[in-house]
Amino acid sequence: MNPLYEPFYFPPFRQISVADYEPAIDAALAEARAEIDAITGCDAAPTFANTIEAFERTGSRLDRVLGVFYPLLSAHADDEMMEISLRVSARMSEYDADVSLNAALFDRIRAVYEQRESLELTVEQRTLLTNVWLGFT
């Protein structure tokens with residue numbers, strides 16, 4: 001059992017081995033891709049909830065796993081961790097490009113952004129919508 005698969009408040013450092021990182025990152029990347037696919041594959045019209053909020057939640061497991069991996073890489077960069085980092089960096093670049101250039105996702109975000117004045121959004125929601133929009137444009 002990979003300790004990085006389970007939710008944690010504090011990383012279980014004593015239970016994590018170097019061999020755990022790459023499979024956990026790959027699984028988290030697959031989950032994040034599935035979350036993006038769920039947004040773009042949604043048949044309902046784009047709304048703040050099914051597009052912007054859903055997008056904001058994507059990759060939470062990936063963020064958690066990378067939040068353990070990268071600081072430890074900085075602190076304990078041995079050859080094995082560096083090799084993993086090189087492979088993971090390439091996958092992360094590909095994922096980031098796939099998300100940034102996802103036309104279906106952009107179309108949904110644009111649809112919500114274009115109706116922003118008619119939506120009853122809180123200040124926080126408006127800020128999130130603007131930040132997501134700017135991130136894509």
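Everything that follows concerns the structure shown earlier in this document.
Figured I'd write up the structure that's included with this text.

1. Brief notes about the nonpolar core
Judged by nonpolar contacts, the single largest core of 37 residues is most densely connected at L4, Y21, I25, F55, L62, Y95 and L105. Among the secondary structure elements, those contributing two or more residues to this core are α1 (18–40), α2 (48–57), α3 (60–75), α4 (79–100), α5 (103–114) and α6 (123–136).

2. Topic: α3
Taking 1.5 Å of rise per residue, the 16 residues of α3 would be expected to cover 22 Å, and the 23 Å separating its terminal C-alpha atoms lies within 8% of that figure. Here α3 has its buried residues at L62, V65, L66, V68, F69, L72 and L73. Against the buried residues of α3 lie α1 and α4.

3. Some thoughts on the packing of aromatic side chains
Under the criterion given, the structure shown has 6 aromatic pairs. Judged by centre distance (4.8 Å) and plane angle (90 degrees), the rings of Y9 and F10 are edge-to-face. Joined through ring pairs, the aromatic side chains of Y21, F69 and Y70 make up one cluster. Here R64 stacks its cationic end above the ring of F8, 5.1 Å away from the centre of that ring.

So, how was this worked out
Residues numbered from 1 in each chain as written. Predicted model: local features only at pLDDT ≥ 70, side-chain atom pairs only at ≥ 80, totals over all residues. Heavy atoms only, no water. Core = buried A, V, L, I, M, F, W, Y, C linked by side-chain atoms within 4.5 Å. Buried < 20%, exposed > 50% of the residue type's maximum accessible area, 1.4 Å probe, protein only. Helix = DSSP H or I, 4+ residues; strand = E, 2+ residues; numbered from the N terminus. Expected span 1.5 Å × (residues − 1). Contact = heavy atoms within 4.5 Å. Phe/Tyr/Trp six-rings, centres within 6.5 Å; stacked < 30°, edge-to-face > 60°. Lys NZ or Arg CZ within 6 Å of the ring centre and 35° of its normal.

By themselves, these are just geometric observations and shouldn't be taken as functional.
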